[in-house]
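# Report on the structure
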Amino acid sequence: MHLGDDERAAPAIGRRGFLSFAVAAVSAAVPVASATITGVATSVVTAPVLFGTGSAEAAPLTGGVRRLTLHNINTNERFDGVYWADGHYKPDALRKLDVLLRDHRAKQVCRYDPRLFDLLARVHQSVGSDDPFEVICGYRSRRTNAMARRRSRGVAKESYHTRGMAIDIRLPDTQLRAISETARAMQAGGVGFYPRSGFVHLDVGPVRSW
């Protein structure tokens, strides 16, 4: 798993936000189910879904369905399909996306905030890409995030990756700057531009950029 400096500008969450996160983090630490992924037993955790000030619906997606194409470069797994149709998210598709974005080091799957998928779909639509998003990093367990923090001071202790609200991506046919600028204009969460590391960080926390 590639681990980059992904939230240097993340704001302090404050006392009220900390209390909310602390309660949710307890839930996230408890496995609620199990899954088998390519023959490997994997625990499933409930992510603390903390809705930020941004909204992935600020510029609605066109059409009656929403689809994503993702390629996890760490596991070489892919998702190409519809995750929203007829006014509702498709549970089976969301589960597949959660598995794709799992922490394969810790063998944990997180229930992702689906607003992030909406943001990805909007960005993909806006830049006009024909390629799938390459996923550099999706969910990070507390243990994996702690390892990343030991490698870099730029990784936030309460990273949105640990909440199922963040992803690091790139598009082979689109410049990173174009992805970053497009996402920033949407004002739907956090956007981090990492040209040296070769990815853009997106999350559905508070609106901010770095």
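Described in the following lines is the structure provided in the data block. (Residues numbered from 1 in each chain as written. Predicted model: local features only at pLDDT ≥ 70, side-chain atom pairs only at ≥ 80, totals over all residues. Heavy atoms only, no water.)

### Quick word on the sheet that holds strand β11 (residues 208-209)
Strands sit in the order β5-β4-β3-β7-β8-β10-β9-β11 across an open sheet of 8 strands; the sheet is mixed. Unpaired on one side and paired on the other, β5 (88-89) and β11 mark the two borders of the sheet. The sheet contact formed by strand β4 (residues 77-85) and β5 spans 2 bridges and is antiparallel. Counterpart to alanine 85 in the pairing with β5 is histidine 88. Against the sheet, helix α2 (residues 91-100) makes contact with β3 (65-72), β4 and β5, and its axis sits at roughly 150 degrees relative to β4, the strand it touches most. Sheet strands in contact with helix α3 (residues 115-127) are β3, β4, β5, β7 (133-137), β8 (166-170) and β10 (199-203), and its direction is about 90 degrees off that of β3. (Pairing = 2+ DSSP bridges. Helix = DSSP H or I, 4+ residues; strand = E, 2+ residues; numbered from the N terminus. Contact = heavy atoms within 4.5 Å. Axes fitted to C-alpha atoms, helices over the stretch in contact; angles between N-to-C directions.)

### Let's talk about the nonpolar core
Formed by 37 residues in total, the largest nonpolar core has its most connected members in Tyr83, Phe117, Leu120, Ile169 and Leu202. Considering every element that reaches this core, the biggest residue donor is α3, with 6 residues. (Core = buried A, V, L, I, M, F, W, Y, C linked by side-chain atoms within 4.5 Å. Buried < 20%, exposed > 50% of the residue type's maximum accessible area, 1.4 Å probe, protein only.)

### Looking at the packing of aromatic side chains
All chains considered together, the criterion is met by 4 aromatic pairs. With centroids separated by 6.2 Å and ring planes inclined at 70 degrees, the aromatic side chains of tyrosine 83 and phenylalanine 117 adopt a geometry described as edge-to-face. In this pair, tyrosine 83 sits in strand β4 while phenylalanine 117 sits in helix α3, placing the two residues 34 residues apart along the sequence. A single burial state applies to tyrosine 83 and to phenylalanine 117, both of which are buried. Measuring from ring centre to ring centre gives 6.0 Å for tyrosine 112 and phenylalanine 117, while their planes differ by 25 degrees; the resulting arrangement is stacked. Residue tyrosine 112 shares its accessibility class with phenylalanine 117, and that shared class is buried. Among the aromatic residues, those joined into a cluster by ring pairs are Tyr83, Tyr89, Tyr112 and Phe117. The lysine or arginine in question, arginine 66, covers the ring of tryptophan 84, its NZ or CZ lying 3.8 Å from the ring centre. Its end group placed over the ring of tyrosine 160, arginine 163 keeps NZ or CZ at 4.3 Å from the ring centre. (Phe/Tyr/Trp six-rings, centres within 6.5 Å; stacked < 30°, edge-to-face > 60°. Lys NZ or Arg CZ within 6 Å of the ring centre and 35° of its normal.)

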